[in-house]
Each structure stands twice: as structure tokens, then as C-alpha cells.
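# Structural overview for review
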Amino acid sequence: MTMIEIRNVTKRYGAATVVDKVSMCVEKGSITVIVGTSGSGKSTLMRMINRLVPITEGEIFVGGQNVIDVPVTELRRKIGYAIQGHGLFPHRTVAQNIATVPQLLDWDSVRIAKRVEELLGLFNLDPATFADKYPHQLSGGQQQRVGVARALAAEPELLLMDEPFGALDPVIRGKAHDDLLAIQKQFGTTVILVTHDMDEAFHLGNHIAVMSQGKLLQCSTPEKILTEPADPFVQQLTGTSDRALKLMSLLPLKESMEPAKSGLAYALPQSLSLRDALAEMIWQGVDEAAVQDGEKAPVGSISMSRLLELGRKA
Ligand SMILES: Nc1ncnc2c1ncn2[C@@H]1O[C@H](COP(=O)(O)OP(=O)(O)OP(=O)(O)O)[C@@H](O)[C@H]1O
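Residues numbered from 1 in each chain as written. Predicted model: local features only at pLDDT ≥ 70, side-chain atom pairs only at ≥ 80, totals over all residues. Heavy atoms only, no water.

The name that an unreviewed UniProt entry assigns to the chain is ABC transporter ATP-binding protein, with the source organism given as Rhizobium pisi. Recorded in UniProt under Sequence similarities (unreviewed entry), the annotation for the chain is "Belongs to the ABC transporter superfamily." (UniProt positions renumbered as here; feature names shortened; annotations may be inferred.)

Here we take up the overall build of the chain. For the chain, the count of helices and strands is 14 helices and 13 strands. The C-alpha radius of gyration computed for the chain amounts to 22 Å, which stays within 12% of the reference 20 Å derived for 314 residues, consistent with globular compactness. Overall, the chain is about 65 × 50 × 35 Å in size when its C-alpha atoms are taken along their principal axes. Of all 314 residues assigned to the chain, the portion counted as buried reaches 46%. A separation threshold of at least 6 residues defines the contact pool for the chain, and within that pool the share at least 24 residues apart is 63%. Roughly 15200 Å² of accessible area belongs to the chain as shown, and the carbon and sulfur atoms make up 51% of that amount. Within the chain, one finds 32 positive and 36 negative side-chain charges whose respective centroids are separated by 4 Å. (Helix = DSSP H or I, 4+ residues; strand = E, 2+ residues; numbered from the N terminus. Rg over C-alpha atoms; globule rule 2.2 N^0.38 Å. Buried < 20%, exposed > 50% of the residue type's maximum accessible area, 1.4 Å probe, protein only. Contact = heavy atoms within 4.5 Å. Areas by Shrake-Rupley, 256 points an atom, 1.4 Å probe, with all protein chains shown as cover. Lys, Arg positive; Asp, Glu negative; His and termini not counted. Charge placed at Lys NZ, Arg CZ, Asp CG, Glu CD.)

Right, let's talk about the sheet that holds strand β10 (residues 215–220) for a bit. Taken in spatial order, the 6 strands line up as β6-β7-β8-β3-β9-β10 in an open sheet, and their pairing is mixed. Unpaired on one side and paired on the other, β6 (79–83) and β10 mark the two borders of the sheet. Going from strand to strand, the sheet's axes swing by 15° on average, the running direction of each strand aside. Sheet topology places β6 next to strand β7 (residues 158–162); 5 bridges connect them, and they run parallel. In the sheet register, Gly-80 faces β7, and the bridge partner there is Leu-159. Contacting β3 (31–36), β6, β7, β8 (190–194) and β9 (207–212), helix α1 (residues 42–49) runs over the sheet at an angle of about 155° to β7. Lying over the sheet, helix α7 (residues 140–152) contacts β6 and β7, oriented at roughly 165° with respect to β6. (Pairing = 2+ DSSP bridges. Axes fitted to C-alpha atoms, helices over the stretch in contact; angles between N-to-C directions.)

Our focus in this paragraph is the sheet that holds strand β1 (residues 2–13). Each strand in a sheet pairs with its neighbour through backbone hydrogen bonds, running either in the same direction (parallel) or in the opposite one (antiparallel). Strand order in the open sheet formed by 4 strands is β2-β1-β4-β5, with antiparallel pairing between adjacent strands. In this open sheet, the two strands that pair with only one neighbour each are β2 (16–27) and β5 (65–66). Sheet analysis places strand β4 (residues 57–62) next to β5, joined by 2 bridges and oriented antiparallel. Its bridge partner being in β5, Val-62 is matched across the sheet by Gln-65. Sheet strands touched by α1: β1, β2 and β4. Its angle to β1, the strand with the most contacts, is close to 120°.

Turning our eyes to something else, we now look at the packing of aromatic side chains. Taken as a whole, this structure holds 0 aromatic pairs when the rule is applied. The ring of Tyr-13 has Lys-11 sitting right over it, with the charged end atom 4.9 Å from the ring centre. Arg-111 extends its terminal NZ or CZ atom over the ring of Trp-107, reaching a point 3.5 Å from the ring centre. (Phe/Tyr/Trp six-rings, centres within 6.5 Å; stacked < 30°, edge-to-face > 60°. Lys NZ or Arg CZ within 6 Å of the ring centre and 35° of its normal.)

In the vicinity of the ligand, the residues found are Tyr-13, Val-18, Thr-37, Ser-38, Gly-39, Ser-40, Gly-41, Lys-42, Ser-43, Thr-44 and His-196. For the ligand, an oxygen atom lies 2.4 Å from a polar atom in the side chain of Thr-44. His-196 places a polar side-chain atom, nitrogen or oxygen, 3.0 Å from an oxygen atom of the ligand. When the free accessible area of the ligand is taken as 640 Å², the share hidden by the protein chains comes to 56%. Within the shell around the ligand, the residues separate by chemical class into 2 nonpolar, 8 polar and 1 charged. (Near = heavy atom within 4 Å. Polar contact = N/O pair within 3.5 Å; in protein donor to acceptor, adjacent residues only side chain to side chain. Nonpolar A, V, L, I, M, F, W, Y, C, P; charged D, E, K, R; others polar.)

Written out as C-alpha cells, the structure reads:
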């Protein structure tokens, strides 16, 4: 089902066309990542969805409704928005920050308190420790999680994220990705995320939209972007040297393993991607490993030579 339809949308500032006749659809419950060089119009395109930026030409439909027909306050309350630097209110506690939109929507206080506690739990922020803290008392990573929790507070079906993880160091960023994927799966939220980080795009995106100079060059699955780039710029942006590793990160170990064998000292979960399996085996120094299901029962095996063969094909 289509959640967002962008039809021939253009944004001009004076003589400058910063978004140029862009059309794309976003499926409900999917994550679409917009990538492109600096100034290519990514944020502008996204900000036209919740009307933070007025559309010059074209139309955007959210849930079948033309955004122009929805009062702007109602639209923004329905659509979560998380930005780099989190935009938290400095004089409101963590709980009060998260409660912002539910309060505007007149939720009763019991429902708000329950939702705040649920979100803090989901983001691994112990309510007893964090609910009454102020933003300046939190680390950057914690502030970022509160920013995303706040954007999700009123259970939006759609979440717009503008480089939400840009300021995080790589380890915390990885954790933030895991959180987002888990929460997105749990709530079925549709997500549009703008990033500069291609690894982030390939890790999170069901679809990747590539922009250059205001134009949308391609919007496809990560596999298609890598194997059938629509334009030399797409190929250049998505990288050529580590293409095999990127593709391996999209392929599940479960679908490529060999038959189970006895006597293997090391085991990997079948939920890993081929890339993570390769990284684990290099790290552990093993040439062959058992593959286990969620109950730790053996379901197959994988060898280094098989992984390399699959990587070469990728
Ligand atoms: N209010 C504005 N007035 C005039 N020009 C603007 C305005 N907002 C954005 N622009 C211009 O529109 C172009 C696209 O900006 P936008 O922020 O959408 O790009 P972006 O791809 O998100 O860039 P970045 O990755 O650097 O954040 C830029 O050239 C920018 O200077």
C-alpha cells in the first residue's frame, strides 16, 4: 500500500530550482533513505512532505490525502520529525519533551505517562533515571534517542528523519540503527530518512532514493541500486570498490549456507548477513563455522571459501 506519493514536485527559490520535478512513491511500513551530494535537495524534498517548506509545483499525498488539504498543525502532529541535533526543548525534562505532541493532542495524563515510559524502555533509557533529567544532563547519544522517542510519541504512521544520526560516533550510531529497525518493525512506521552515509543507507533502507542537483536519479531497492545503477552518478555515489561487501551485507546467511556438519567448534546465528558472517569468521580466525537457528539448533554450516565464492559472484 502506498503511504506517500510525490507527484512531479518542484521547489524554486527565485531563479534557483532546488527540487526538480521529482516523482516517487513510498510504501507503507517501509524505510526509504534519501542520499545525494550536499545541496542536492534532499532535506527540501523531505520538508515539503510535512509542509515545513511550501511546494512550488506538483502534489504530495500522504495516506491518500493531498497535504495541501490538511491543516498544517494537524499534518505536523500526524507526522513525526526528527533532526540532527535533536531539537530538544532545553527547559523541559526528558519526559516533558517526549510528551510534547501527545499533550497538544489532549491525550489524558495516564495515557501520556504510559507512552513516555514505554518509549523510554524501548530506547533503553531507564525511566527512573532519565524521565526527570534535562537535555543538557544527557550524552549526545541519549539526547538523540530522546529526539527520536519524541518524534514517535504520538504513534505517527510516518516518521521523517533528517540526518538523525549524523553527530553520533560509529559505535553509538550502530546501536541507534538497531533501535530504529526494532522500533520500526514493532510499530510498522513508515520512515523517510536523509543521510550522507552510504553504509547507513544500505543498512537501513528498503529503498534508496538518489538525488543530484534537485533531480531524483533513481529510487530502487539497495540491490538494484548496486547492480543496475540508472546513472553513472548513482554508481559513483554508491561506491565501486566495496560493492561486493555492500551486496554481501544484503544477503542472508540463512539462504546461502551448506549442509550441517558435526565437529565445528564455532557457531554463527543464521540471522547474520554474509558480510557479518565473514567479519565474524575473520575475527574468530576460523575457516568453517556451524550455523544455528534462534534456538541454537544446528541448521547448516558455512566455510570461508564458500563466503569468498559468494562475494566474488556479488
Ligand atoms: N530557504 C532557502 N532559500 C534559498 N535557498 C535555499 C533555501 N533552503 C535551501 N536552499 C537551497 O536549496 C538547495 C538544496 O538544499 P537542501 O538543504 O535541500 O539540500 P540537501 O541535499 O539536504 O543538502 P545537505 O546534504 O547539505 O543538507 C541548496 O542549494 C540550498 O542552498
